[in-house]
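Report on the structure
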Amino acid sequence: MFESFTDATGLALWLPLASAGVVGFAVAMYVLMDGFDLGVGILFPGAAKPEWRDAMMVSVAPVWDGNETWLVLGGAGLFALFPVAYATLLPAFYLPLTAMLLALILRGVAFEFRFKTEAHKPFWSASFHLGSVVATFTQGLVLGAFVEGKAIEAGAGHWAWLSPFSVFVGLALLVGYGLLGATWIVKKTEGEMQAWARDVAGRLVAVVAVALVIVSLWMPVMAPEIAARWFAWPNMVLLAPVPIAAGVLCVAIFVSLRRGGESLPFYGSFALFLSGYAGLAVSLFPALVPGRYDIWQAASGPSSLAFALVGLGVLIPMILGYTLYNYYVFRGKVRLEDVDGYH
């Protein structure tokens, strides 16, 4: 099935594919798991009452740092499994990635200090919001520039990642993470606060739907090879379920919010992100560094891949296990009267 993309056979064919699947899984998990707590920070200034902001932070406090495990795993996996891609992508996106990491550090500091002080709580609230916005926007910048490909061309400048498309993707990701955050608040709270989050989520899902349409049209115009992938026959029919699923999910989330759904909008938002992720994978496959390296060209040798995959095969179930246990222990609603601190 994949032989048409490469001359590799046997383990040299399948080990890079499995490795790409592992890295892709880690990145998807990070986007989903850290996306909603970044979204909570993005929505922070919109909360009408101080106790609402306290409840928002408490709702993600038990899980936010564990969510970022997937970012470490994705980066380390890329380094171990696809060193050529790592060595190409990191210099190309050095500035936005550095800004992202500094913003994530700022969020972590704000988490710890906001509940330790009353006099400086507004400062740490603003820091939490700023860190969330910057981390999200820079992730969108990197994603947009990665798809566009100009920043990873040979001889590209230090600012080649900055373009109208990458800025738009950054803004779109702010809205998308905001949707994840709003639906998380709907799931975890009740009363007036839940009603506020429900209204915000209803507005954001409409904006996300428009952003998905714009990106879906912009990408084929920007990259003829993507247009050929989606609009050639019979690909148009075979790939049609991806955009159809995204449209159906947007409608389902909106309807569920209007009908008082609590969990469905959150998990529907997860599924919406996964549909967009699937569309991106279809558009770029088998490229790992668009325009330069495919999965097989960027991969380590078969023995290195096999060794790393054995370790990851043990590590990933462990991470999934403690993540699921953590969410199980801290299931249920966050009630305003019970919010008395972070720890």
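From a predicted model like this one, the values you see are computed outputs, not experimental measurements.

Digging into the overall build of the chain
A count of helical and extended segments in the chain gives 15 helices and two strands. Taking 2.2 N^0.38 as the reference for a compact globule, 343 residues should give roughly 20 Å; the C-alpha atoms of the chain span a radius of gyration of 21 Å, in line with that estimate. When its C-alpha atoms are laid out on the principal axes, the chain stretches across 65 × 40 × 40 Å. With 343 residues in all, the chain has 50% of them scored as buried. By sequence separation, contacts in the chain at least 24 residues apart represent 80% of the contacts at least 6 residues apart. Carbon together with sulfur atoms contributes 72% to the accessible area of the chain, which is approximately 16,200 Å² in total. Computing the positive centroid from 18 side-chain charges and the negative centroid from 21, the chain places the two 6 Å apart.

Brief notes about unusual backbone geometry
Following Phe285, the chain continues into Pro286 via a peptide bond in cis, with omega recorded as 5°. Within the element layout of this structure, Pro286 appears in the loop between α13 (263-284) and β1 (287-289).

Points about the pattern of salt bridges
Tallied over the entire structure, the rule returns eight salt bridges. Salt-bridge contacts for Glu68 lead to Arg107; the nearest nitrogen and oxygen are separated by 3.6 Å. Taken together, the positions of Glu68 in the loop between α3 (64-67) and α4 (69-81) and Arg107 in helix α6 (residues 94-114) put the pair 39 residues apart, joining distant regions of the chain. Each member of the pair Glu68 and Arg107 is classed as buried. Two residues, Glu148 and Lys150, come together in a salt bridge whose shortest N-O distance is 3.8 Å. Residue classification places Lys150 among the partly exposed positions, given a relative accessible area of 48%. When salt bridges with common partners are traced through the structure, they connect Asp37, Glu68 and Arg107 into a single cluster.

Re the nonpolar core
By size, the foremost hydrophobic cluster in this structure holds 103 residues, and its most contacted members are Met56, Phe82, Phe93 and Trp196. In contact with Phe93, other than residues within four places in its own chain, are Val142, Ala145, Phe146, Ala151, Ile152 and Trp161.

Overview of the packing of helix α10 (residues 224-231) against α13
Where α10 meets α13, the closest approach of the two axes is 8 Å, and the angle between their N-to-C directions is 110°. Between α10 and α13, the crossing angle belongs to the class labelled roughly perpendicular. Residues Ile226, Arg229 and Trp230 of α10 lie in contact with α13, whose contacting residues are Gly279, Val282, Ser283 and Leu284. When the residues that make up the contact of α10 with α13 are grouped by side-chain class, the tally is four nonpolar, two polar and one charged.

Remarks on a nonpolar patch on the surface
A cluster of nonpolar side chains, namely Tyr94, Leu95, Trp159 and Leu162, defines an oily patch on the protein surface of about 470 Å² accessible area. Its location among the elements puts Leu162 in the loop between α7 (121-148) and α8 (164-188).

A closer look at the side chain of Arg198
The residue Arg198 is located in helix α9 (residues 191-222) in this model. As a buried residue without a salt bridge, Arg198 has its nearest oppositely charged side chain in Glu262, at a separation of 4.8 Å. With residues up to four places along the chain from it excluded, the contact list for Arg198 reads Val186, Ser256, Leu257, Arg258, Gly260, Gly261 and Glu262.

Points about helix α15 (residues 302-329)
The end-to-end C-alpha separation of α15 is 40 Å, in line with the 40 Å expected for 28 residues at 1.5 Å each. Those residues of α15 that sit buried are Leu305, Ala308, Leu309, Leu312, Ile316, Ile319 and Thr323. Turning to α15, the residues buried within the fold contact α1 (11-42) and α4.

What about the packing of α8 against α13?
At a minimum axis separation of 7 Å, α8 and α13 run at an interaxial angle of 155°. Between α8 and α13, the interaxial angle falls into the category roughly antiparallel. Seen from above, α8 lies across α13 with left-handed handedness. Only Ser263, Pro265, Phe266, Tyr267, Ser269, Phe270, Leu272 and Phe273 of α13 make contact with α8, whose side of the interface consists of Leu173, Gly176, Tyr177, Leu179, Leu180, Thr183, Trp184 and Lys187. Across the contact of α8 with α13, the residue classes tally to eleven nonpolar, four polar and one charged.

Overview of the packing of aromatic side chains
Applying the stated criterion across every chain, the model contains 20 aromatic pairs. Considering the side-chain rings of Phe123 and Trp124, the 4.9 Å spacing of their centres and the 75° angle between planes classify their relative orientation as edge-to-face. For Trp124, a relative accessible area of 15% corresponds to the buried category. Here Trp159 and Trp161 contribute two aromatic rings whose centre-to-centre distance is 5.4 Å and whose plane-to-plane angle is 35°, an arrangement assigned as tilted.

Cut-offs and rules
Residues numbered from 1 in each chain as written. Predicted model: local features only at pLDDT ≥ 70, side-chain atom pairs only at ≥ 80, totals over all residues. Heavy atoms only, no water. Helix = DSSP H or I, 4+ residues; strand = E, 2+ residues; numbered from the N terminus. Rg over C-alpha atoms; globule rule 2.2 N^0.38 Å. Buried < 20%, exposed > 50% of the residue type's maximum accessible area, 1.4 Å probe, protein only. Contact = heavy atoms within 4.5 Å. Areas by Shrake-Rupley, 256 points an atom, 1.4 Å probe, with all protein chains shown as cover. Lys, Arg positive; Asp, Glu negative; His and termini not counted. Charge placed at Lys NZ, Arg CZ, Asp CG, Glu CD. Salt bridge = Lys/Arg side-chain N within 4 Å of Asp/Glu carboxyl O. Core = buried A, V, L, I, M, F, W, Y, C linked by side-chain atoms within 4.5 Å. Axes fitted to C-alpha atoms, helices over the stretch in contact; angles between N-to-C directions. Parallel < 35°, antiparallel > 145°, perpendicular 65-115°, else oblique. Nonpolar A, V, L, I, M, F, W, Y, C, P; charged D, E, K, R; others polar. Patch = residues over 30% accessible without salt bridge, like charges linked within 9 Å, V, L, I, M, F, W, Y side chains within 5 Å. Expected span 1.5 Å × (residues − 1). Left-handed = near helix turned anticlockwise from the far one by under 90°. Phe/Tyr/Trp six-rings, centres within 6.5 Å; stacked < 30°, edge-to-face > 60°.

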